[in-house]
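Close look at the chain arrangement
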Amino acid sequence: MKVFNIGIIGFGGFGKFLFNAWNQLDNVQVTSIADINAAAITGIENVAFFIDWKDMILSENIDLIAIVTEPSTHQVIANACMRAGKHVLIEKPLAINTSDARAIIKQEIRQE
Ligand SMILES: NC(=O)c1ccc[n+]([C@@H]2O[C@H](COP(=O)([O-])OP(=O)(O)OC[C@H]3O[C@@H](n4cnc5c(N)ncnc54)[C@H](O)[C@@H]3O)[C@@H](O)[C@H]2O)c1
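All values derive from a computational prediction rather than experimental measurement. (Residues numbered from 1 in each chain as written. Predicted model: local features only at pLDDT ≥ 70, side-chain atom pairs only at ≥ 80, totals over all residues. Heavy atoms only, no water.)

**Remarks on unusual backbone geometry**
- Here the bond from K92 into P93 is cis, since omega is -5°, no more than 30 degrees from zero.
- Following the sequence through the fold, P93 ends up in the loop between β5 (87–90) and α4 (98–106).
- In the Ramachandran plot, N46 falls in the positive-phi region, its phi being about 60° despite a non-glycine side chain.
- Relative to the elements of secondary structure, N46 occurs in the loop between β2 (28–34) and β3 (48–50). (Helix = DSSP H or I, 4+ residues; strand = E, 2+ residues; numbered from the N terminus.)

Written out as structure tokens, the structure is:
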């Protein structure tokens, strides 16, 4: 059975919910978590922690990245993850406007 490695960006309320749900499955494992707030990441073992998500998305030990930050940040993070060759799961809402949503769908490259 293939085990898919997951990275989570944003470890607030819903990031923790996803982590706990995936922990109960056999074919996925959370290998990495990034959050700008180091205090958000406590009491978790065997997971690599990052403050800067840009460092995390370079990891070869991740198949899929769950983007669980505030919606205004989704476009920049999602496009960078896809450019890094990762599958993405983006929490709803996808974006805060149609321009950002289209940029994600088209995998548009923009300056930050
Ligand atoms: N699918 C659902 O039913 C559902 C339910 C709740 C929330 N959500 C969505 O999930 C997302 C997060 O919601 P939440 O309630 O967990 O919010 P939250 O505020 O509890 O958590 C957000 C986390 O992201 C971190 N963060 C912010 N900017 C970051 C960055 N640049 N890099 C790394 N970490 C960063 C924050 O420090 C925080 O820990 C939102 O898009 C929300 O709409 C979806």
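**Quick word on α4**
- Taken together, the buried positions of α4 are occupied by D100, A101, A103 and I104. With its buried residues spanning 160° around the axis, α4 presents them on a single face. Exposed and oriented more than 90 degrees from the buried face of α4 are T98, R102, I105 and K106.
- At its buried positions, α4 is contacted by α3 (74–83) and β5.
- Capping the start of α4, N97 holds a side-chain oxygen 3.3 Å from the backbone nitrogen of S99, two or three residues further along.
- Once α4 finishes, Q107 follows within two positions and takes phi at roughly 55°, a positive value. (Buried < 20%, exposed > 50% of the residue type's maximum accessible area, 1.4 Å probe, protein only. Arc of directions from axis to C-beta. Contact = heavy atoms within 4.5 Å. Polar contact = N/O pair within 3.5 Å; in protein donor to acceptor, adjacent residues only side chain to side chain.)

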